[in-house]
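Chain by chain, the residues run as shown.
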Amino acid sequence: MELALLYSGGKDSTLAALLLDSFYDVTLVTAHFGITDDWVHARDAADRLGYEFDVVELDEAVAREAAEQMVNDGYPRNGIQQVHEHALERIAELDVAAIADGTRRDDRVPTISRAQAQSLEDRHDVDYLAPLSGFGRRAVDRLVDSTLNVESGPSERITKGDYEAELRAMIADKHGQDTVESVFPDHVQTYVRGLK
């Protein structure tokens, strides 16, 4: 069965791919707005891991709305959630039996509720899977440490293929780098360099 996994090149979406690989023909899919070319980092990670790769383009109006939401809120949560939901809608339109993402049990954002998952499944006739939804951060980190070569660091230094980089670029272009730094808290990102 064909499965499209929303993929950034980070540890969570990579671990999700490894968990699903025994049951599905996994294609790693990066969603982007065309604002930057950061999606190539996800493509390169997928290539190193030996997975099929695809991209879907997202509606730039969603990026603009999400970026303004973040600036108005003063934090990224609601904007990231909005973009993630849009990205899942787009990959659900692909000709696949299932879609998935790398959301974990203790993620604050993005999260997909049971009602949202059922709505995706019903409207697009796909199965929605979140294979890490039962895993906490410590469990994920232990599995990653034993399985993957990962580069970690601050978001502004670690390049990967998620839409956060594009949203940061959009906010910087319109509101300046200081606004980006005030909206996005310091946090660690990961980028997978390969299997151990």
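So, how was this worked out
By convention here, each chain's residues receive numbers from 1 onward along its written sequence. The predicted nature of this model means local features are confined to residues of pLDDT at least 70 and side-chain atom pairs, given and counted, to a pLDDT of 80 or more, with totals for whole chains, interfaces and linings taken over all residues. Side-chain descriptors were evaluated using all non-hydrogen atoms of the structure, hydrogens and water having been removed beforehand. To get an axis, fit a line to the C-alpha atoms, keeping to the stretch in contact for a helix; angles then go from 0 to 180 degrees between the N-to-C directions. In DSSP terms, a helix is any run of H or I states spanning at least four residues, a strand is any run of E spanning at least two, and both are numbered starting from the N terminus. Note on terminology: angles under 35 degrees are roughly parallel, angles over 145 are roughly antiparallel, angles of 65 to 115 are roughly perpendicular, and the others are oblique. Should the near helix be turned counterclockwise from the far one by less than a right angle, the crossing is left-handed, whereas a clockwise turn marks it as right-handed. In this analysis, two residues are considered to be in contact whenever any of their non-hydrogen atoms come within 4.5 Å of each other. Each residue is assigned to one class: nonpolar for Ala, Val, Leu, Ile, Met, Phe, Trp, Tyr, Cys and Pro, charged for Asp, Glu, Lys and Arg, and polar for all the others, Gly among them. Throughout, exposure labels follow a simple rule: accessible area from a 1.4 Å probe, protein chains only, divided by the maximum for the residue type, with under 20% read as buried, over 50% as exposed, and the rest as partly exposed. Here the term patch refers to residues with relative accessible area over 30% and no salt bridge, with like charges joined within 9 Å and nonpolar side chains (Val, Leu, Ile, Met, Phe, Trp, Tyr) within 5 Å. Accessible surface is estimated by sampling points in the Shrake-Rupley manner with a 1.4 Å probe; for residues, cover comes only from the protein chains shown. Salt bridges are identified by distance alone: a Lys or Arg side-chain nitrogen within 4 Å of an Asp or Glu carboxyl oxygen. His residues and chain termini do not enter the charge count, which takes Lys and Arg as positive and Asp and Glu as negative. Charged side chains are reduced to one point each, which is NZ for Lys, CZ for Arg, CG for Asp and CD for Glu. We call two strands paired when DSSP finds no fewer than two bridges between them.

### Observations regarding the packing of helix H3 (residues 60–73) against helix H4 (residues 77–92)
So, point 1. One can describe the packing of H3 onto H4 by two numbers: an axis separation of 7 Å at closest approach and a directional angle of 160°. One finds that H3 runs roughly antiparallel with respect to H4. Between H3 and H4 the crossing geometry is right-handed. Between H3 and H4, the residues in contact are Val62, Glu65, Ala66, Gln69, Met70 and Asp73 and Asn78, Gly79, Ile80, Gln82, Val83 and His86, respectively.
So, point 2. For the contact of H3 with H4, the class distribution of residues is five nonpolar, five polar and two charged.

### Remarks on helix H2 (residues 39–49)
So, point 1. Those residues of H2 not exposed but buried are Val40, Ala42, Ala45, Ala46 and Leu49.
So, point 2. If you follow the buried residues of H2, they end up packed against helix H1 (11–20), strand S2 (25–32), strand S3 (52–57) and strand S7 (188–195).

### A word on a negative patch on the surface
So, point 1. Among the surface-exposed residues, Glu2, Asp21, Asp25, Glu52 and Asp95 lie close enough to one another that they form a single negatively charged patch.
So, point 2. Relative to the helices and strands, aspartate 21 is located in the loop between H1 and S2.

### A few points about the pairing of strand S1 (residues 2–6)
So, point 1. Of all five residues in S1, four are buried; the element is thus mostly enclosed.
So, point 2. Of the strand pairs in this sheet, S1 and S2 are connected by five bridges, and their pairing is parallel. Bridged to glutamate 2 within S2 is aspartate 25.
So, point 3. Of the pairings in the sheet, the one linking S1 to strand S4 (residues 98–100) comprises three bridges and is parallel in character. Its bridge partner lying in S4, alanine 4 is registered against isoleucine 99.

Coordinates in, geometry out; function isn't part of it.
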